[in-house]
Amino acid sequence: QVQLVESGGGSVQAGGSLRLSCAASGRTFSIYTTGWFRQAPGKEREFVAAISWTTSNTFYADSVKGRFTISRDNAKNTVYLQMNSLKPEDTAVYYCAAGRPSALAWLSLTTPDKYTDWGQGTQVTVSS
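As a starting point, this report considers the structure included with it. (Residues numbered from 1 in each chain as written. Predicted model: local features only at pLDDT ≥ 70, side-chain atom pairs only at ≥ 80, totals over all residues. Heavy atoms only, no water.)

All right, on to the sheet that holds strand E3 (residues 18–26) then. With antiparallel pairing, 4 strands are arranged side by side in an open sheet as E1-E3-E8-E7. Looking along the sheet, the strands with just one partner apiece sit at the ends: strand E1 (2–7) and strand E7 (68–73). Between one strand and the next, the sheet's axes are offset by a mean angle of 15 degrees, whatever the strand orientation. Two strands pair when backbone bridges link them, and E1 and E3 are joined in this way by 6 bridges, in the antiparallel orientation. From the neighbouring strand, Val2 faces E3, where its bridge partner is Gly26. (Pairing = 2+ DSSP bridges. Helix = DSSP H or I, 4+ residues; strand = E, 2+ residues; numbered from the N terminus. Axes fitted to C-alpha atoms, helices over the stretch in contact; angles between N-to-C directions.)

What follows covers the state of the cysteines. One pass over the full model with this rule turns up 1 disulfide. The disulfide partner of Cys22 is Cys96, and the gap between their sulfur atoms is 2.0 Å. Its S-S torsion of approximately -80 degrees makes the covalent link between Cys22 and Cys96 left-handed. Of this pair, Cys22 sits in strand E3 while Cys96 sits in strand E9 (residues 92–99), and the two are 74 residues apart along the sequence. Take Cys22 and Cys96: they sit in the same class, and that class is buried. (Disulfide = S-S within 2.5 Å. Buried < 20%, exposed > 50% of the residue type's maximum accessible area, 1.4 Å probe, protein only.)

Structure representation (structure tokens):
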């Protein structure tokens, strides 16, 4: 029902910055929350950040808090992830996801089960 397209990934050195974009199309009215997840080779997919489309509240994993910022542009149906002070451990494929997790429950926000639609992913590589 919802199509998501990520862009903005690339390769940077430690301490650098990248800005990821997630453009949504289709039945976007059904989206309550948009989240960013990442997955490194051989590791489980982990939560990065999320934003509520009804309250604009934002949520971050402890590992990125203070370095990453999630934001949205309602008119463009686009969510952004500004990543600063990047570290080698940030290297992963980053996925945009949309759905209806509970914005009041951390467990719901941070698990993929409540997200219905996913983008194709964009590679982020941080070298030391």
